[in-house]
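# Secondary and tertiary structure notes
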Amino acid sequence: MTDAHQDRPGRTALGRALMSGGALSSDWAPGFAAVPRSAFLPDLMWPWDMQAGKSVAVSRSEDPDAWYAYADSDCPIVTQWDDGAHSGTEPGTVSTSSASMPSVVFRMLQDLDLRSGHRVLEIGTGTGWNAGLLAHRAGRGNVVTVEVDESVATTAREALERFGTPVKVVHGDGFEGYPEGAPYDRVIATCGLRAIPYAWVAQCRPGGTIVSPWGTHYSNSDAVARLVVADDGRSASGRFTGPVEFMKLRAQRLPPVAHRDYVPGSVADGDETSTSLTEGEFVGEPFSALRFALGLRVPDCLHVVAEKRDGARPVWLYGLGDRSWACVQFRDGRAARVWQGGHRRLWDEAEAAYRWWTDHGRPGHERFGLTVDAEGERAWVDSPVEAWPV
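Now for a quick tour of the structure. If you're wondering where the values come from, they're calculated on a predicted model, not measured in any experiment.

Rules and cut-offs
- Residues numbered from 1 in each chain as written.
- Predicted model: local features only at pLDDT ≥ 70, side-chain atom pairs only at ≥ 80, totals over all residues.
- Heavy atoms only, no water.
- Helix = DSSP H or I, 4+ residues; strand = E, 2+ residues; numbered from the N terminus.
- Rg over C-alpha atoms; globule rule 2.2 N^0.38 Å.
- Buried < 20%, exposed > 50% of the residue type's maximum accessible area, 1.4 Å probe, protein only.
- Contact = heavy atoms within 4.5 Å.
- Pairing = 2+ DSSP bridges.
- Axes fitted to C-alpha atoms, helices over the stretch in contact; angles between N-to-C directions.
- Salt bridge = Lys/Arg side-chain N within 4 Å of Asp/Glu carboxyl O.
- Parallel < 35°, antiparallel > 145°, perpendicular 65-115°, else oblique.
- Left-handed = near helix turned anticlockwise from the far one by under 90°.
- Nonpolar A, V, L, I, M, F, W, Y, C, P; charged D, E, K, R; others polar.
- Phe/Tyr/Trp six-rings, centres within 6.5 Å; stacked < 30°, edge-to-face > 60°.
- Core = buried A, V, L, I, M, F, W, Y, C linked by side-chain atoms within 4.5 Å.
- Arc of directions from axis to C-beta.

### Re the overall build of the protein chain
When you go through the protein chain residue by residue, the secondary structure sums to 12 helices and 20 strands. In terms of overall size, the protein chain behaves like a compact globule, its C-alpha atoms giving a radius of gyration of 22 Å where 390 residues would be expected to give roughly 21 Å. Projected onto the principal axes, the alpha-carbon positions of the protein chain cover approximately 65 × 55 × 40 Å. Buried positions account for 51% of the 390 residues belonging to the protein chain. A separation threshold of at least 6 residues defines the contact pool for the protein chain, and within that pool the share at least 24 residues apart is 57%.

Okay, here's the thing in structure tokens:
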């Protein structure tokens, strides 16, 4: 490691900001100091520029000051586009590997409650920075990280070796875990899950902890699940700690949904009704607990919020198990019109889910929980006693 990676005012300022914001706890401060994110970033990267609202290309060889400024900022950085098929400096179509925001990284590490000597399984190696932090805390030979993309795995392995961090990097499908290294005391995923595999539960010790971004296909409004494996090792259960958005596990990505497959003609071909819900009530914020809750209560459904034009905003719902669909047209100062088609009445389900959420006191992420066992997953609010399958 060189001083260029370590001793910079911007990095010091980032550490102070993370600590004052509560993301970086005092016990993880030594890891932050010893394992800089910049040591694991490629020469060409695409950080998210907060002011521009888009990814921008930055090259260390061409503009080292800008490169290090982004490396030392609390922003996500794309390191691969389109599963590696992308070339050139302009951003690609789909971001497929990245270095997460440091604030998100360290909040999840706090959730993991990692101790020296713990055996750790990481799903989603990415740049290798998170694995490096884990190894600094857990100790030599205690971290296994699995990466599905061979080129990403190779680059991360080289970065970890160059940095002098003893981590076993495995090229494979993280959904299956890594049974050869089990049992683990901790499992952490750095990719978004739509179903937490039972293999992770089976490979984690009783009393062990699993931390993973989790959500439904309804939206990208995921949350971090912190699950504890039961004493008998047959299940894991726990609450969500807060909202987050991660790139999805490749095996669980949602294929593109073609609107014309659902509505080949006009919405007028569907059944028309209306709703008293307003745009402000139903749409909510992108990472609100409302969207998360609706995803839990309206299964196998994708919701798309269209741009607002001339005071009107359509919101679409697409069934993922069939061709059911719904459209609600919110318009300023008027009652919202609703059209539905297909076997499911998706708007009726969504409106009922909204009423359920309000009837339960508009619970935030921290009141929701998840239980995983060999039978699948069940979500709950406040207590697993009244859980439902998701």
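### Some remarks on the sheet that holds strand β14 (residues 301-305)
Pairing between sheet strands relies on hydrogen bonds along the backbone, with the strands arranged either parallel or antiparallel. The sheet built from 5 strands is open, its strands ordered β13-β17-β16-β15-β14 with antiparallel pairing. This sheet does not close on itself; its edge strands, each paired only once, are β13 (271-275) and β14. Neighbour to neighbour, the strand axes of the sheet diverge by 20° on average, direction disregarded. Summarising the sheet, β13 and strand β17 (residues 334-341) pair through 5 bridges and their orientation is antiparallel.

### Some thoughts on the pattern of salt bridges
Pairs may arise between side chains of opposite charge once their charged atoms sit close together. For the structure shown, the criterion picks out 19 salt bridges. With a shortest N-O distance of 2.8 Å, arginine 137 and aspartate 27 are connected by a salt bridge. Taken as a pair, arginine 137 in helix α6 (residues 129-138) and aspartate 27 in the loop between α2 (9-20) and α3 (29-34) lie far apart in primary sequence, 110 residues in all. Take aspartate 27: its relative accessible area is 42%, and that puts it in the partly exposed class. In this structure, the salt-bridge partner of glutamate 279 is arginine 313, at a minimum N-O distance of 2.7 Å. Here arginine 313 lies in strand β15 (residues 312-319) and glutamate 279 lies in helix α10 (residues 279-283), a separation of 34 residues in the sequence. Accessibility classification places glutamate 279 together with arginine 313 in one group, the buried group. Put simply, Asp83, Asp149, Arg250 and Arg253 are held in one network by salt bridges that share partners.

### What about the packing of helix α5 (residues 102-112) against α6?
Between α5 and α6, the least distance of the axes is 12 Å, while the angle of their chain directions is 40°. Regarding the angle of α5 to α6, the classification is oblique. The element α5 and its partner α6 pack so that their crossing is right-handed. In this structure, α5 contributes Pro102, Val105, Phe106, Leu109 and Leu112 to the contact, and α6 contributes Trp129, Asn130, Leu133 and Leu134. A class-by-class count of the residues in the contact of α5 with α6 yields 8 nonpolar, 1 polar and no charged.

### Some thoughts on the packing of helix α11 (residues 289-297) against helix α12 (residues 346-359)
The N-to-C vectors of α11 and α12 enclose an angle of 120°; their axes lie 9 Å apart at closest approach. Here α12 runs oblique to α11, going by the angle between their axes. For the pair α11 and α12, the crossing hand works out as right-handed. The residues of α12 that touch α11, namely those facing Ala289, Leu290, Ala293, Leu294 and Arg297, are Ala350, Ala353, Tyr354, Trp356 and Trp357.

### Looking at the environment of serine 25
The topology assignment puts serine 25 in the loop between α2 and α3. Taking the C-alpha atoms as reference, serine 25 lies 8.4 Å from arginine 107; in sequence the two are 82 residues apart.

### Observations concerning the packing of aromatic side chains
For the coordinates displayed, the defined rule picks out 18 aromatic pairs. Both rings, one in tryptophan 67 and one in tyrosine 68, keep their centres 4.9 Å apart while their planes meet at 80°; by these two values the pair is edge-to-face. For tyrosine 68, a relative accessible area of 16% translates into the label buried. Ring geometry for phenylalanine 106 versus tryptophan 129: centroids 5.9 Å apart, planes at 80°, classification edge-to-face. Remark: tryptophan 129 occurs in helix α6 and phenylalanine 106 occurs in helix α5; sequence separation between them is 23 residues. Residue class for phenylalanine 106 comes out buried when judged on its relative accessible area of 0%.

### Some thoughts on the nonpolar core
Counting residues in hydrophobic clusters, the biggest one holds 55 residues, and the most contacted among them are Ile210, Trp214, Phe282, Trp347 and Phe368. Ranked by residue count, the leading element in this core is α12, at 7 residues. When near neighbours in sequence (up to four residues on either side) are disregarded, phenylalanine 282 contacts Tyr218, Leu277, Leu290, Leu294, Val315, Phe330, Trp347 and Ala350. Counting 34 residues, the second largest nonpolar core, distinct from the first, contains Phe32, Ala131, Leu160 and Val224.

### Observations regarding helix α4 (residues 64-71)
Listed as buried for α4 are Trp67, Tyr68, Tyr70 and Ala71. Take α4 and look down its axis: the buried residues cluster within an arc of 160°, on one side only.

### Some points on the environment of leucine 296
Inspection of the secondary structure assignment puts leucine 296 in helix α11. You can call leucine 296 buried: its relative accessible area is 3%. Taking the C-alpha atoms as reference points, leucine 296 and phenylalanine 368, 72 residues apart in sequence, are found 9.7 Å from one another.

### Considerations on unusual backbone geometry
Of the consecutive residues alanine 182 and proline 183, the connecting peptide bond is found in the cis state with omega at 5°. Inspection of the secondary structure puts proline 183 in the loop between β8 (168-171) and β9 (184-189). Backbone geometry at aspartate 82 places phi at a positive 55°, although glycine is not the residue there. With phi around 75°, aspartate 382 is a residue other than glycine that occupies positive phi space. Turning to its location among the elements, aspartate 382 is positioned in the loop between β19 (376-381) and β20 (388-389).

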